[in-house]
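Report on the structure
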Amino acid sequence: MANARNAAGQTNDETILVLDFGSQYTQLLAQRARENQTYCEIVPCSITASEAAAYNPIGLILSGGPSSVYDDGAPQIDPDLYKLGVPILGVCYGMQLTCRLFGATVERASAREYGAAEITVADEGEKSPLFEGMSKRSQAWMSHGDQATELGDGFVVLASTPTCPNAAVMHKSIPFYGVQFHPEVTHTTEGSRLLSNFIVKICHSSQNWTAKNFVESSIEKIRETVGKERVICGLSGGVDSAVVAALVSRAVGSQLTCICVDNGMMRKNEIANVAKVFRENFDVNLVVADAEERFLTLLAGVDDPQEKRKIIGKTFVDVFSEEAKKIDGAKFLAQGTIYPDVIESGGKSGGQAATIKFHHNVGGLPEELEFSLLEPLRELFKGDVRRVGLELGLPEELVWRHPFPGPGLAVRCLGAVTKEALDCLREADAIVVDEIVAAGLYRETSQAFAVLLPVRSVGVMGDARTYENTVVVRSVSTIDFMTAEWSRLPYDVLARISSRIVNEVSGVNRVVYDISSKPPATIEWE
């Protein structure tokens, strides 16, 4: 059978398919496969056996989901998928669905399990490659109200918990393994090992999907697509746009022009640092459009968060479009669209998204520009993008940079946006990042920044009374940004941040720390 083509049109020798039954953790399953240097795509649970076979998969993973398998209208599966002869791992709902199809009873559990549970590997489990190298007892993350009870003669029990006797099973005659817990989340302490066992030892992945191979094949594909035409790319300073610009530059060199719109709301020295990296390391034409005054004029007196976003978005499009029209003969627009964007916008695996979710800095470009889209990262998760960035030679401080909102500091400057407020916030934000980096905590946190509140309070500096602004320090840790925990930063780090901001940033006399998780709060304040 011919090798399958992935979402970017490139050929992969080995593919794992994740069938999505609606779990909040589905993307994590695919990311864990990628971390094992094995290409993985998420496909709808409604995929047919013949459609799945077209990918030439070496294995299937059936995700969890919110439904009960015995409910009317619950997601089902094409039974012929079990005849493909490839190993299948069912997770939570995926396990229950398969067990029920092969004669087991699935019913409401007497005790619903949600949270950490101790899993004990049975004697049969110790013989199974699924649990090879794992502890006899370890912590697993449970999230279920149903479970498989009467298994019949077709299954072997591999592991159990105190309230779930069939926490992991194996079918005797087909290559199916099922786990009631979620190995893809970090709360399952040996979950990564279990998934690696499934992918490498059971599916026999040769682990050849590497950043180096991706870069080489992408360059070839970009050259084939672009030919002698010119390409433009919106360069924001974020990792996605930086990596796509570097990749396209490697492929077509001076045929690429990057446009960086300076809206006056970027982080300290951001424009200068990005320009320096690209001018020194890549054969790229870089245009920096200084539009700070234009943005600030339109934002004057506007304090509604949504209205600020709309103004910034529209103005960005206007400025970018004006600069793009100055580039003669440009036929392609390179964007940093990544795999989660494709999934969230309704895109189908292996094809074009039904609704293109544009990168936040290039969204909604006028149709009359008539560019063909070039999205070489559309099959990658953020972790994949970072690995590709390092392979391309981008500096670590750029590749591992924390996410930054499209409207920039405007949504961290609560109330009306002014240059004075932005300059104040920019300095405070730089101090937050400097101290977290100095403490060796930058990679341990997911997003850390400052917020300037429209709140003034009384203070004392020296012998004088002050009445000045308040800065909030926000730092969170998260895997997927759908949920997040506030970072438990050491007190001495917080103390240095507070002392430096109050002493070095004019107009601030109070610093507070945000200890809200998401939900109920959001990561950003606006």
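Because the structure is predicted, anything quoted here is derived from the model rather than measured.

Digging into the overall build of the protein
The number of helices and strands found in the protein is 15 helices and 20 strands. A compact globule built from 526 residues would reach a C-alpha radius of gyration of about 24 Å, and the protein, at 26 Å, matches this within 12%. Overall, the C-alpha framework of the protein stretches about 80 × 65 × 40 Å when taken along its three principal axes. Out of the 526 residues in the protein, the part that is buried amounts to 57%. Across the protein, contacts joining residues at least 24 apart in sequence account for 75% of those joining residues at least 6 apart. For the protein, the exposed area adds up to about 22,500 Å²; of that, 49% sits on carbon and sulfur atoms.

Observations regarding the side chain of Ser241
Structurally, Ser241 is set in helix α7 (residues 239-252). A distance of 3.1 Å separates the side chain of Ser241 from the side chain of Ser236, its partner in a polar contact.

Brief notes about empty space enclosed by the protein
Tallied over the entire structure, the rule returns two cavities of 30 Å³ or more. The volume enclosed by the largest cavity comes to roughly 50 Å³. Taken together, the elements giving at least two residues each to the lining of the largest cavity come down to β7 (106-121), β8 (137-148) and α5 (191-202). The element best represented in the lining of the largest cavity is β8, accounting for three residues. Considering only residue class, the lining of the largest cavity consists of seven nonpolar, five polar and one charged.

Observations regarding helix α12 (residues 382-391)
Among all positions of α12, only Asp384, Val385, Arg386, Val388 and Gly389 are buried. The inward-facing, buried residues of α12 contact α1 (26-35), α6 (211-226), α7 and α13 (396-399).

Regarding the pairing of strand β14 (residues 285-290)
Two elements, strand β13 (residues 256-262) and β14, share six bridges in a ladder whose sense is parallel. Bridging across to β14, Cys258 finds its partner in Leu286. Between the parallel elements β13 and β14, the chain passes through helix α8 (residues 270-281) in a crossover that is right-handed.

Side note on the sheet that holds β14
What the five strands build is an open sheet, ordered β14-β13-β12-β15-β16; its pairing is parallel. Among the strands making up the open sheet, the edge pair consists of β14 and β16 (372-374). Direction aside, neighbouring strands of the sheet carry axes that sit 30 degrees apart on average.

Describing the nonpolar core
Side chains of a nonpolar character, in soluble globular proteins, are inclined to be buried together. One finds Val248, Phe278, Leu377, Leu394 and Ile501 to be the most contacted residues of the largest nonpolar core, which totals 92 residues. The element contributing the most residues to this core is α7, with ten residues. In this structure, Cys92, Met134, Tyr177 and Leu194 belong to the second largest nonpolar core, which totals 38 residues.

Points about helix α9 (residues 292-299)
Every buried residue belonging to α9 is among Glu292, Phe295, Leu296 and Leu299, and all of these are buried. Viewed along the axis of α9, the buried residues span an arc of 95 degrees, placing them on a single side of the element. Away from its buried face by more than 90 degrees, α9 exposes Glu293 and Thr297. Tucked inside the fold, the buried residues of α9 contact β13, β14, α10 (305-325) and α14 (419-438). Gly301, located one to two residues past α9, shows a positive phi value of around 80 degrees.

Quick word on the environment of Asp514
Summarising the element assignment, Asp514 is placed in the segment after β20 (508-513). The spatial distance from the C-alpha of Asp514 to the C-alpha of Asn208 is 43 Å, given a sequence separation of 306 residues. When near neighbours in sequence (up to four residues on either side) are disregarded, Asp514 contacts Val472, Val473, Arg474, Trp486 and Trp525. A polar atom in the side chain of Asp514 sits 3.3 Å from the side chain of Arg474. In terms of polar contacts, Asp514 uses its side chain to reach the side chain of Trp525, at 3.0 Å.

Reading the values: the criteria
- Residues numbered from 1 in each chain as written.
- Predicted model: local features only at pLDDT ≥ 70, side-chain atom pairs only at ≥ 80, totals over all residues.
- Heavy atoms only, no water.
- Helix = DSSP H or I, 4+ residues; strand = E, 2+ residues; numbered from the N terminus.
- Rg over C-alpha atoms; globule rule 2.2 N^0.38 Å.
- Buried < 20%, exposed > 50% of the residue type's maximum accessible area, 1.4 Å probe, protein only.
- Contact = heavy atoms within 4.5 Å.
- Areas by Shrake-Rupley, 256 points an atom, 1.4 Å probe, with all protein chains shown as cover.
- Polar contact = N/O pair within 3.5 Å; in protein donor to acceptor, adjacent residues only side chain to side chain.
- 1 Å grid on protein atoms, 1.4 Å probe; cavity = no way out; pocket = protein on both sides within 12 Å on 5 of 7 lines; lining within 4 Å.
- Points joined across faces, edges and corners; volume = space filled by probe spheres on them.
- Nonpolar A, V, L, I, M, F, W, Y, C, P; charged D, E, K, R; others polar.
- Pairing = 2+ DSSP bridges.
- Right-handed = clockwise from strand over helix to strand, strands pointing away.
- Axes fitted to C-alpha atoms, helices over the stretch in contact; angles between N-to-C directions.
- Core = buried A, V, L, I, M, F, W, Y, C linked by side-chain atoms within 4.5 Å.
- Arc of directions from axis to C-beta.

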